[in-house]
There are 2 protein chains.
Amino acid sequence: MTVTEVTISDVRAAAERIAGYVVRTPLLPAPWAPGDLWLKAESLQPMGAFKLRGATNAVHLLDPSVRSRGLLSHSSGNHGQAIAWAAREVGIPATIVMPAAAATIKVEAVRALGADVVLVPNDERESTVDALRLERGAAVIHPFDDVRVISGQGTLALEILDDLSEIDTVLVPVGGGGLISGVGVAVKAVSPSTRVIGVEPELAADARESLSSGRLISWDPSLTYRTIADGTRAPQLGKITFPLIQETVDEIVTVTEEEILAAVATTIRRARLVAEPSGVLSVAAYLADPGRFGRSVAVLSGGNIDSGVLKHALTV
Amino acid sequence: MTVTEVTISDVRAAAERIAGYVVRTPLLPAPWAPGDLWLKAESLQPMGAFKLRGATNAVHLLDPSVRSRGLLSHSSGNHGQAIAWAAREVGIPATIVMPAAAATIKVEAVRALGADVVLVPNDERESTVDALRLERGAAVIHPFDDVRVISGQGTLALEILDDLSEIDTVLVPVGGGGLISGVGVAVKAVSPSTRVIGVEPELAADARESLSSGRLISWDPSLTYRTIADGTRAPQLGKITFPLIQETVDEIVTVTEEEILAAVATTIRRARLVAEPSGVLSVAAYLADPGRFGRSVAVLSGGNIDSGVLKHALTV
């Protein structure tokens, strides 16, 4: 497998490009936790997740002729919302293809961002996007396996490194690997002795298995869909993200569903931040073994939690 | 009534004094709200409220001989926690006198900050503090009617004015008036055309009545204790805060209990921030009439919400 280069220069250029379009999120002390923990609260991005960074960077890098033909996505999650948001910010049309069975609140959220929503049966989402892409010549931005997206996500690491020194460990949730590969590139360039540790649900541990076996391992959705951390259900890392992770990530650890739900509750009660299950994987890993990581930053990657899950977490 | 001077210089000096001891909280856009709303998230202070600013400023201004005799407080709320926190930061002992009926979780929170807790019957709290003060020569810092405290609270307005320009309105929860008088001094010095509007619960509207009648009006606790916004139950403004409010505050508006609870839920769901009922008064007032305030900053003053109230807010 050839390593596609994503360099610290790409990340720095992305940071300049997206400034003014994304929030410089706070790095908050977590004195309630044992040891020395800090939270990078990406849940405070206006659409609720780090995904806005990569989408914004990618949209700004589109050729003007492509821009005018608009953007397409079949993600009904944070990536789709980030695409809709970024498209609106630069004034181009976006179409999000969503399953007809999607919760109305999700559909309305995307519409409120000014995007068109096309509702289709769940298994026709990708084919519908393909058909629309061919018909319109619109651009599709991959949720993680895209150099522009990875560079954008890495910008949050630059902010962390600006705000805090002598960090032993940065803990990062892992789904398709777009976030952690961008963070890995930035951290290893600026502070090589800082460990970058990925966190996955035990029930969707394809990245850990890929890293330990040295080859891209896929987990069937029938397995990954068992976890409540819906942002990590991608069946495998990407062809671009995997080699970057091999180069820059020290280790991938896993957490249980119980640890994830407990971390949602703790983050609400103690940090006063609402984060989604995928967003608190990093907090869950830290709290499982605080002594192990030294001065740590946990990336709280997103806050778009289902209201039922939120209530459930507060009762366990 | 003589106006005790609190000047912009006091606020600027406080800002310098407390930097490094308090979090520079983020000013976050709230694109989900109609109009143009920004949130100053003081709920993200490490002990969960703006009170840390004033307490820290006051503690640093104590004479060294007084410091060594420690701090006393009978507040079991955010002020008590702020005192315990600030005392620990400068390495002096703190004693918090709390009612024996206080929730264990509150007592443990104060103990976790390294403070001694003295449990007494509720109506003996003030007398116990007085006795200990005489016995030890320890310092008692008033929760709001203190120039050092007011100056400290005002520092958050300097941050707001640094982060955003052309603000039409700053909305501020009002209890004893320590926060809004500090904010008023800072805003009127730096941006005189910006309106400073206080927000009270309809059920504890002593400050509105005082401002409109031109004299200090007291509401009996049997009235003020009806509101769920427990941070605003002080029976009246202070002798220092009231004249400062007369000088610098444009208006005080009120919100209903239903609007307060709805604002707690909205702030959690849309802004992904956990705030207490007193903390969201500003958001409740804005949402009641968004068109009225122009570009607005709502100070989200605290996030220490009772878990029962939190669950209740999420079900209404």
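Residues numbered from 1 in each chain as written. Chains lettered and ligands numbered in written order. Predicted model: local features only at pLDDT ≥ 70, side-chain atom pairs only at ≥ 80, totals over all residues. Heavy atoms only, no water.

Focus on the UniProt feature "domain: Tryptophan synthase beta chain-like PALP" (unreviewed entry) in chain A
Part 1 of the reasoning: The positions UniProt marks with the feature "domain: Tryptophan synthase beta chain-like PALP" (unreviewed entry) are residues 21-302 of chain A.
Part 2 of the reasoning: Spanning residues 21-302 of chain A, this segment combines 43% helix with 16% strand, and its end C-alpha atoms are found 17 Å apart. (UniProt positions renumbered as here; feature names shortened; annotations may be inferred. Helix = DSSP H or I, 4+ residues; strand = E, 2+ residues; numbered from the N terminus.)

Thoughts on the domain arrangement of chain A
It is common to report an interface's size as the accessible area lost on association of the parts.
All names here are of chain A.
Part 1 of the reasoning: Parsing chain A into structural domains produces domain 1 (8-50 + 146-313) and domain 2 (70-137).
Part 2 of the reasoning: Inter-centroid distance (C-alpha atoms) of domain 1 to domain 2 is 25 Å.
Part 3 of the reasoning: The interface of domain 1 with domain 2 comprises six residues on the first partner and five residues on the second.
Part 4 of the reasoning: Taken over both partners, the interface formed by domain 1 and domain 2 buries close to 590 Å², and the fraction arising from carbon and sulfur atoms is 61%.
Part 5 of the reasoning: When the area that domain 1 buries against domain 2 is broken down by residue, the three leading residues are Tyr21, Pro46 and Met47, summing to 71%.
Part 6 of the reasoning: Across the domain 1-domain 2 interface, the total number found is zero salt bridges. (Domains from an automatic or database assignment. Contact = heavy atoms within 4.5 Å. Buried area = accessible area lost by both parts, 1.4 Å probe. Salt bridge = Lys/Arg side-chain N within 4 Å of Asp/Glu carboxyl O.)

Side note on the sheet that holds strand β5 (residues 116-120) of chain A
All names here are of chain A.
Part 1 of the reasoning: Taken together, the four strands give an open sheet; going across it, the order is β5-β4-β3-β6, and neighbouring strands pair in parallel fashion. The strands lining the two open edges of the sheet, one partner per strand, are β5 and β6 (139-140).
Part 2 of the reasoning: Here strand β3 (residues 71-73) runs beside β6; their pairing, made up of two bridges, is parallel. The residue of β6 that forms the bridge with Leu72 is Val140.
Part 3 of the reasoning: Across the sheet, helix α6 (residues 125-136) is in contact with β3, β4 (94-99), β5 and β6; its angle to β4 comes to roughly 155°. (Pairing = 2+ DSSP bridges. Axes fitted to C-alpha atoms, helices over the stretch in contact; angles between N-to-C directions.)

Thoughts on the packing of helix α8 (residues 178-190) of chain B against helix α11 (residues 241-248) of chain B
Pairs of packed helices are described in terms of their axes, by the angle between the two and the distance that separates them.
Residue and element names in this part refer to chain B.
Part 1 of the reasoning: Running from amino to carboxyl end, α8 crosses α11 at an angle of 40°, the nearest separation of the two axes being 9 Å. What the angle tells us is that α8 and α11 run oblique. For the element pair α8 and α11, the recorded crossing hand is left-handed. When α8 is examined against α11, the residues Gly178, Ile180, Ser181, Gly184, Val185 and Lys188 are found in contact with a partner set consisting of Thr241, Leu244, Ile245 and Thr248.
Part 2 of the reasoning: By residue class, the composition of the contact of α8 with α11 is four nonpolar, five polar and one charged. (Parallel < 35°, antiparallel > 145°, perpendicular 65-115°, else oblique. Left-handed = near helix turned anticlockwise from the far one by under 90°. Nonpolar A, V, L, I, M, F, W, Y, C, P; charged D, E, K, R; others polar.)

Let's talk about α8(B)
All names here are of chain B.
Part 1 of the reasoning: Its 13 residues give α8 an end-to-end C-alpha distance of 19 Å, which sits within 8% of 18 Å, the value for a rise of 1.5 Å per residue.
Part 2 of the reasoning: Of all the positions in α8, only Gly178, Leu179, Ile180, Ser181, Gly182, Val183, Gly184, Val185, Ala186 and Val187 are classed as buried.
Part 3 of the reasoning: Looking at the buried side of α8, the elements it contacts are α1 (8-18), α7 (147-163), β7 (169-173), β8 (195-201), α11 and β10 (296-300). (Expected span 1.5 Å × (residues − 1). Buried < 20%, exposed > 50% of the residue type's maximum accessible area, 1.4 Å probe, protein only.)

Comments concerning the interface of chain A and chain B
Part 1 of the reasoning: At the interface, 22 residues of chain A touch 22 residues of chain B.
Part 2 of the reasoning: Overall, the association of chain A and chain B removes approximately 1900 Å² of surface from exposure, summing both partners, and the carbon and sulfur fraction of that is 71%.
Part 3 of the reasoning: Between the two partners, chain A and chain B, sit zero salt bridges.
Part 4 of the reasoning: Seen at the junction of chain A and chain B, the total is four residue pairs in polar contact (both at pLDDT 80 or more).
Part 5 of the reasoning: For the side of chain A that touches chain B, the secondary-structure elements that each account for two or more residues are β1 (27-29) and α14 (307-313) of chain A.
Part 6 of the reasoning: The residue inventory of the side of chain A that touches chain B, partitioned by class, reads 15 nonpolar, five polar and two charged. (Polar contact = N/O pair within 3.5 Å; in protein donor to acceptor, adjacent residues only side chain to side chain.)

Here we look at the pattern of salt bridges
Part 1 of the reasoning: Overall, the coordinates contain 22 salt bridges over all chains when judged by the stated rule.
Part 2 of the reasoning: Note that Asp146(B) is salt-bridged to Arg148(B), the shortest N-O span being 2.6 Å.
Part 3 of the reasoning: Of the charged contacts, one joins Arg292(B) and Glu251(B) as a salt bridge, the two residues approaching to 2.5 Å between their closest N and O atoms. Of this pair, Arg292(B) sits in the loop between α13 (281-288) and β10 while Glu251(B) sits in strand β9 (residues 251-255), and the two are 41 residues apart along the sequence.
Part 4 of the reasoning: For Glu251(B), a relative accessible area of 29% gives the class partly exposed.
Part 5 of the reasoning: Connected via shared salt-bridge partners are Lys40(A), Glu42(A), Arg53(A) and Glu159(A).

Description of empty space enclosed by the protein
Part 1 of the reasoning: By the definition in use, this model includes two cavities of 30 Å³ or more.
Part 2 of the reasoning: Roughly 80 Å³ of volume is contained in the largest cavity.
Part 3 of the reasoning: Residue lining of the largest cavity: 13 residues in total, with Leu44(A), Gln45(A), Pro46(A), Pro29(B) and Ala271(B) positioned closest to the centre.
Part 4 of the reasoning: Residues belonging to the lining of the largest cavity are distributed by class as follows: nine nonpolar, two polar and two charged. (1 Å grid on protein atoms, 1.4 Å probe; cavity = no way out; pocket = protein on both sides within 12 Å on 5 of 7 lines; lining within 4 Å. Points joined across faces, edges and corners; volume = space filled by probe spheres on them.)

Quick look at the relation of the copies chain A and chain B
Part 1 of the reasoning: Superposition of chain A onto chain B requires a rotation of 180° combined with a translation of 0.0 Å along the rotation axis, giving an RMSD of 0.0 Å. Those values place the two copies in the arrangement expected of a two-fold rotation axis. Taking the C-alpha atom as reference, chain A places Leu273(A) closest to the rotation axis, 2.5 Å from it.
Part 2 of the reasoning: Both copies share a contact surface, since 100% of the interface residues of chain A are interface residues in chain B too. (Least-squares fit on C-alpha atoms with pLDDT ≥ 70 in both.)

Observations concerning unusual backbone geometry
Part 1 of the reasoning: Despite not being glycine, Glu166(A) has its phi angle at roughly 50°, a positive value.
Part 2 of the reasoning: Checked against the element boundaries, Glu166(A) lands in the loop between α7 (147-163) and β7 (169-173).
Part 3 of the reasoning: For Arg272(B), which is not a glycine, the phi torsion comes out positive at approximately 60°.
Part 4 of the reasoning: Relative to the elements of secondary structure, Arg272(B) occurs in the loop between α12 (257-270) and α13.
Part 5 of the reasoning: A relative accessible area of 8% means that Arg272(B) is categorised as buried.

Digging into the side chain of Gln153(A)
Residue and element names in this part refer to chain A.
Part 1 of the reasoning: Tracing the sequence through the fold places Gln153 in helix α7.
Part 2 of the reasoning: We classify Gln153 as buried; its relative accessible area is 1%.
Part 3 of the reasoning: If we skip the residues at most four places from it in the chain, Gln153 touches Phe50, Lys51, Arg53, Gly54, Gly178, Leu179 and Val183.

Regarding the environment of Glu16(A)
Residue and element names in this part refer to chain A.
Part 1 of the reasoning: Mapped onto the elements, Glu16 comes out in helix α1 (residues 8-18).
Part 2 of the reasoning: Overall, the relative accessible area of 69% leaves Glu16 in the exposed class.
Part 3 of the reasoning: Sequence-wise, Glu16 and Asp168 are 152 residues apart; in three dimensions their C-alpha atoms are separated by 26 Å.

Considerations on the pairing of strand β2 (residues 37-41) of chain B
Residues and elements named next belong to chain B.
Part 1 of the reasoning: Burial runs high along β2: five of the five residues are buried.
Part 2 of the reasoning: Burial of β2 is two-sided: the residues Leu37, Leu39 and Ala41 facing one way and the residues Trp38 and Lys40 facing the other way are all buried.
Part 3 of the reasoning: Note that strand β1 (residues 27-29) and β2 share three bridges and pair antiparallel. Bridge assignment links Leu28 to a residue of β2, and that residue is Leu39.

Overview of the packing of aromatic side chains
Working definition: an aromatic ring pair is given by the centre-to-centre distance plus the angle between the planes.
Part 1 of the reasoning: One pass over the full model with this rule turns up two aromatic pairs over all chains.
Part 2 of the reasoning: It is Arg233(A) that lies over the ring of Tyr225(A); its NZ or CZ is 4.8 Å from the centre. (Phe/Tyr/Trp six-rings, centres within 6.5 Å; stacked < 30°, edge-to-face > 60°. Lys NZ or Arg CZ within 6 Å of the ring centre and 35° of its normal.)

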